[in-house]
Amino acid sequence: PNGHAALAFFDDQHPPAGDFLADVLDGFSRQPKQLAPVYFYDAAGSAIFDEITQLPEYYVTRTELAILDRIGPELATLAGPGAVVIEPGSGSSVKIRKLLDSLSDPASYVGLDISGSHLEAACLEIAAAYPELQVGAICADFTQGLDLSHLPLEDGRRVIFFPGSTVGNFEPDGARQLLAGFRQAMRPGDAVLIGTDRVKDPARLIAAYDDAQGVTARFNLNLIHRINRELDGTIDPDGLSHRAVWNADQSRIEMHLVADQAQEFHVAGRTFQLREGESIHTENSHKFTQESFTSLAESVGFNVRSTWSDDADLFSLHWLEP
Ligand code: AVI
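Only a predicted model underlies this, so the values are computations on that prediction, with no experimental measurement involved.

For the protein, the count of helices and strands is 9 helices and 14 strands. When each of the 322 residues of the protein is scored for burial, the buried share is 54%. Across the protein, the fraction of contacts at a sequence separation of at least 24, relative to all contacts at a separation of at least 6, is 71%. Element-wise, carbon and sulfur atoms account for 50% of the exposed surface of the protein, whose accessible area totals about 14100 Å². Averaging the positions of the 24 positive and the 47 negative side-chain charges in the protein gives two centres separated by 3 Å.

Moving on, we come to the site of the ligand. Lining the immediate environment of the ligand, one finds 14 residues, of which Tyr58, Asn169, Tyr209, Glu283 and Ser285 sit closest. One nitrogen or oxygen atom from the side chain of tyrosine 209 is found 2.5 Å from an oxygen atom belonging to the ligand. Here glutamate 283 contributes a side-chain N or O atom positioned 2.8 Å from a nitrogen atom of the ligand. Elements represented by at least two residues in the shell around the ligand include exactly α2 (43–52), α8 (215–230) and β12 (279–286). Partitioned by chemical class, the residues of the shell around the ligand number 7 nonpolar, 6 polar and 1 charged.

So, about the environment of isoleucine 52. With respect to the helices, strands and loops of the structure, isoleucine 52 is situated in helix α2. What makes isoleucine 52 buried here is its relative accessible area of 3%. Separated by 161 residues in the primary sequence, isoleucine 52 and glutamine 213 place their C-alpha atoms 10.0 Å from one another. Leaving out residues up to four positions away in the same chain, isoleucine 52 has contacts with Tyr58, Val215, Thr216 and Phe219.

Attention shifts here to the sheet that holds strand β2 (residues 33–34). Pairing is mixed across the open sheet formed by 4 strands, whose spatial order is β2-β12-β9-β8. Since the sheet does not close on itself, it has two edges, and those belong to β2 and β8 (240–247), each with one partner.

This brings us to the pattern of salt bridges. Applying the stated rule across the entire model yields 17 salt bridges. The residue arginine 97 makes a salt bridge to glutamate 125 at a minimum N-O spacing of 3.9 Å. Of this pair, arginine 97 sits in helix α4 (residues 93–102) while glutamate 125 is found in helix α5 (residues 116–129), placing the two residues 28 residues apart along the sequence. For arginine 97, a relative accessible area of 28% translates into the label partly exposed. Of the charged contacts, one joins arginine 198 and aspartate 313 as a salt bridge, the two residues approaching to 3.5 Å between their closest N and O atoms.

Once that is clear, we can look at the pairing of strand β9 (residues 252–259). A large share of β9 lies buried, amounting to 8 of its 8 residues. Of the two faces of β9, the one carrying Arg252, Glu254, His256 and Val258 and the one carrying Ile253, Met255, Leu257 and Ala259 are both buried. Bridge count for β9 against β12 is 7 bridges, and the pairing is antiparallel. In the sheet register, methionine 255 faces β12, and the bridge partner there is glutamate 283.

On to the packing of aromatic side chains, then. A full pass over the atoms with the stated rule returns 14 aromatic pairs. Ring geometry for phenylalanine 162 and phenylalanine 182: centres 5.4 Å apart, planes at 80°, overall edge-to-face. Here phenylalanine 162 is found in strand β6 (residues 158–162), whereas its partner phenylalanine 182 is found in helix α6 (residues 172–184), with 20 residues between them in sequence. Grouped by ring-pair contacts, the aromatic residues Phe40, Tyr41, Phe49, Tyr58, Tyr209 and Phe219 constitute a single cluster. We note arginine 226 situated over the ring of phenylalanine 20; from NZ or CZ to the ring centre the distance is 4.4 Å.

Thresholds, definitions, all that
- Residues numbered from 1 in each chain as written.
- Predicted model: local features only at pLDDT ≥ 70, side-chain atom pairs only at ≥ 80, totals over all residues.
- Heavy atoms only, no water.
- Helix = DSSP H or I, 4+ residues; strand = E, 2+ residues; numbered from the N terminus.
- Buried < 20%, exposed > 50% of the residue type's maximum accessible area, 1.4 Å probe, protein only.
- Contact = heavy atoms within 4.5 Å.
- Areas by Shrake-Rupley, 256 points an atom, 1.4 Å probe, with all protein chains shown as cover.
- Lys, Arg positive; Asp, Glu negative; His and termini not counted.
- Charge placed at Lys NZ, Arg CZ, Asp CG, Glu CD.
- Near = heavy atom within 4 Å.
- Polar contact = N/O pair within 3.5 Å; in protein donor to acceptor, adjacent residues only side chain to side chain.
- Nonpolar A, V, L, I, M, F, W, Y, C, P; charged D, E, K, R; others polar.
- Pairing = 2+ DSSP bridges.
- Salt bridge = Lys/Arg side-chain N within 4 Å of Asp/Glu carboxyl O.
- Phe/Tyr/Trp six-rings, centres within 6.5 Å; stacked < 30°, edge-to-face > 60°.
- Lys NZ or Arg CZ within 6 Å of the ring centre and 35° of its normal.

As structure tokens, this is what we get:
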């Protein structure tokens, strides 16, 4: 009995909780100041991110969904019947439904997330929508490797679904470690279906991260509100401006909050200074070419079996096999 009756299983691997306060103090002590993008996604931030996915400038989500629609039959062939779909960071419910709808007779869905409550809610929704599917949950930090050894499910092909170009939010070493963790958990015949955003015209990229309605600016500033609220912070959000910059050397969009004038602030009793024009670096979103992603995947022992893109080559999905 797992205490989550509608789920086939709930495997709590007891991931250590992230230390928001320690990470913020550490990030503000660095030069340049930085904050980790994982902390964007409290309830308010997740709701703003949903708004971002609907923006005219943010082509990412709708382009990936259109590719998923188009390639459904191919995915069904590649996955075969009885597939076990595993979703690290489960929550992209529209995309996972498209995938499940495309596959022929998927046997099971396994959500995997660091937040147990979020995970349970997401998995219960899938279970309700797909009564034929076995639905299980693993509460774990997927950046620390995947332990799939206790999956009490039939042995179909395992397909790890990692959409959205979330891999791009990791530093190159972190992305390699993440994919290596996936690779280690896989058996011959298993696969990863992963989305990556493409290198393109910088103006188009910058618009996607600095939209006309200011939704992305709100997303960025929400992190400051969160620090003020949860960590007894006194940062003046009105004195910070959202910036999106294309860093061609690192092939990434960077998000920053830049101080319009100098300010001193406190977080949990510690004092920090921002100079006029000084930036807090809040996110990297790496963009890939076919070559750069292939070399990343191959460096941890994957074969890129197939890649699909939209006509304008904005976004790609890749099928990786060990
Ligand atoms: C979640 N991740 C893939 C988004 C991205 O595009 O890097 C996060 C985001 N940041 C600003 N807009 C969207």
